[in-house]
Amino acid sequence: MRVALGGTFDPVHDGHRALFERAFELGDVTVGLTSDELAPKTRHEDRYVRPFDERKADLEAVLAEFADEYDREFEVRELTEPTGIATEPQFDALVVSPETTDGAERINEIREERGHDPLDVEVVPHVEAEDGDIISSTRIVKGEIDEHGNLTPDREGRNAERS
C-alpha cells in the first residue's frame, strides 16, 4: 500500500510520530512537507517556521527510524499547495490528524474529479501533553511543552520572527 501524509513538521513531536507510525503500519510512505511559501499559510498562529531544508533533514531522520522498524520505504516531497501530493493517482491511503479531516475530504473530491479512486482516510487521534491539552508544534515553539508533551515552564519559546 502507498500512503501519503503532509504537514510542516516544525518541530517534529510525538503527535507527528503517531501519524508516522500509523502510516508505516499501512505501507510505504510519502510525506509532503510544506514549502517555505506554503508553511506560513497553514499556520493558525503567526510564528517563525524553519527553512524547508532544515525541516526536511530533521523529518528524514525521524522517518528513517520508522522505515527501519517497519521495513518500509519513504520519500519526502515538497508541498506547494494544501491538497499536495495526495491527489496523485498512485496513493491508496491518507493519514491525517482530526483537524485535517476536511482537507482529506477535499482531496478525495479532487481525486474523484480526476477519475482516481478515493483514498482510505486514516484519522489518528491527537496525542495529549501531560496537562491534558494536545501536543502541537505551536505549543512547543511557545515554550509551553517539549516534543513529548512534558510541561516546560522555565523554557523560552521561539519568536514569531527569526532572531
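As shown above, the structure is provided for reference.
Residues numbered from 1 in each chain as written. Predicted model: local features only at pLDDT ≥ 70, side-chain atom pairs only at ≥ 80, totals over all residues. Heavy atoms only, no water.

S.K.: Account for the pattern of salt bridges, naming residues and giving values.
M.R.: Applying the stated rule across the entire model yields 15 salt bridges. Between Arg 22 and Glu 122 there is a salt bridge whose closest N-O contact spans 3.1 Å. In this pair, Arg 22 is assigned in helix 1 (residues 14-26) and Glu 122 in strand 5 (residues 120-123), connecting sequence segments 100 residues apart. The exposure class assigned to Arg 22 is partly exposed, which follows from its relative accessible area of 25%. (Salt bridge = Lys/Arg side-chain N within 4 Å of Asp/Glu carboxyl O. Helix = DSSP H or I, 4+ residues; strand = E, 2+ residues; numbered from the N terminus. Buried < 20%, exposed > 50% of the residue type's maximum accessible area, 1.4 Å probe, protein only.)

S.K.: Go over helix 2 (residues 52-70) with me, naming the residues and quoting the values.
M.R.: The terminal C-alpha atoms of helix 2 lie 26 Å apart, and with 19 residues this matches the ideal 27 Å at 1.5 Å per residue to within 8%. Every buried residue of helix 2 is listed here: Phe 52, Arg 55, Leu 59, Val 62, Leu 63, Phe 66 and Ala 67. In an axial view of helix 2, the angular spread of the buried residues amounts to 145°, which keeps them on one side of the axis. For helix 2, the exposed residues set more than 90 degrees away from the buried face come down to Asp 53, Glu 65 and Asp 68. Buried residues along helix 2 sit in contact with helix 1, strand 2 (28-34) and strand 3 (74-79). Downstream of helix 2 by a residue or two, Asp 71 has a phi angle that is positive, lying close to 55°. (Expected span 1.5 Å × (residues − 1). Arc of directions from axis to C-beta. Contact = heavy atoms within 4.5 Å.)

S.K.: Account for the sheet that holds strand 5, naming residues and giving values.
M.R.: Spatial strand order, 3-2-1-4-5: 5 strands in an open sheet with parallel pairing. The open sheet is flanked by strand 3 and strand 5, the only strands paired with a single partner. The mean angle between the axes of side-by-side strands here comes to 25°, regardless of whether they run parallel or antiparallel. Sheet contacts for helix 2: strand 2 and strand 3; angle to strand 3, the most-contacted strand, approximately 155°. (Pairing = 2+ DSSP bridges. Axes fitted to C-alpha atoms, helices over the stretch in contact; angles between N-to-C directions.)

S.K.: Tell me what's going on with the nonpolar core, and back it up with residues and numbers.
M.R.: Counting residues in each nonpolar core, the largest one holds 22 residues, and the members touching the most others are Leu 5, Phe 9, Phe 20, Leu 59 and Val 95. It is helix 2 that provides the largest number of residues to this core, a total of 6 residues. Sequence-distant contacts of Leu 5, that is, excluding residues within four places in its chain, are made with Leu 19, Phe 20, Ala 23, Val 29, Thr 30, Val 31, Gly 32, Ile 85, Leu 94 and Val 95. Core analysis: the second largest hydrophobic core is formed by 11 residues, Ile 85, Ala 86, Ile 107 and Leu 119 among them. (Core = buried A, V, L, I, M, F, W, Y, C linked by side-chain atoms within 4.5 Å.)

S.K.: How would you explain helix 3 (residues 101-113) if you had to name every residue and give the values?
M.R.: Because each turn of an α-helix spans 3.6 residues, side chains separated by three or four positions in sequence point in the same direction. For helix 3, spanning 13 residues, the distance from its first C-alpha to its last is 19 Å, which sits close to the expected 18 Å at 1.5 Å a residue. For helix 3, the full list of buried residues reads Ala 104, Ile 107, Asn 108, Ile 110 and Arg 111. Down the axis of helix 3, the buried side of the element spans an arc of 160°, and every buried residue falls inside it. The exposed residues of helix 3 that point more than 90 degrees off its buried face are Asp 102, Glu 112 and Glu 113. Residues of helix 3 that are buried sit in contact with strand 4 (93-96) and strand 5. Backbone geometry just after helix 3 places Gly 115 at a positive phi near 80°.

S.K.: Break down the packing of aromatic side chains for me, with residues and values.
M.R.: Per the stated rule, a full pass over the model turns up 3 aromatic pairs. Judged by centre distance (5.3 Å) and plane angle (50°), the ring pair of Phe 9 and Phe 20 falls under tilted. With a gap of 11 residues between them, Phe 9 in the loop between strand 1 (2-7) and helix 1 and Phe 20 in helix 1 connect regions that are remote in the sequence. There is no split in this pair, since Phe 9 and Phe 20 are both buried. Members of the aromatic cluster, each reached through a chain of ring pairs, are Phe 9, Phe 20, Phe 24 and Phe 66. (Phe/Tyr/Trp six-rings, centres within 6.5 Å; stacked < 30°, edge-to-face > 60°.)

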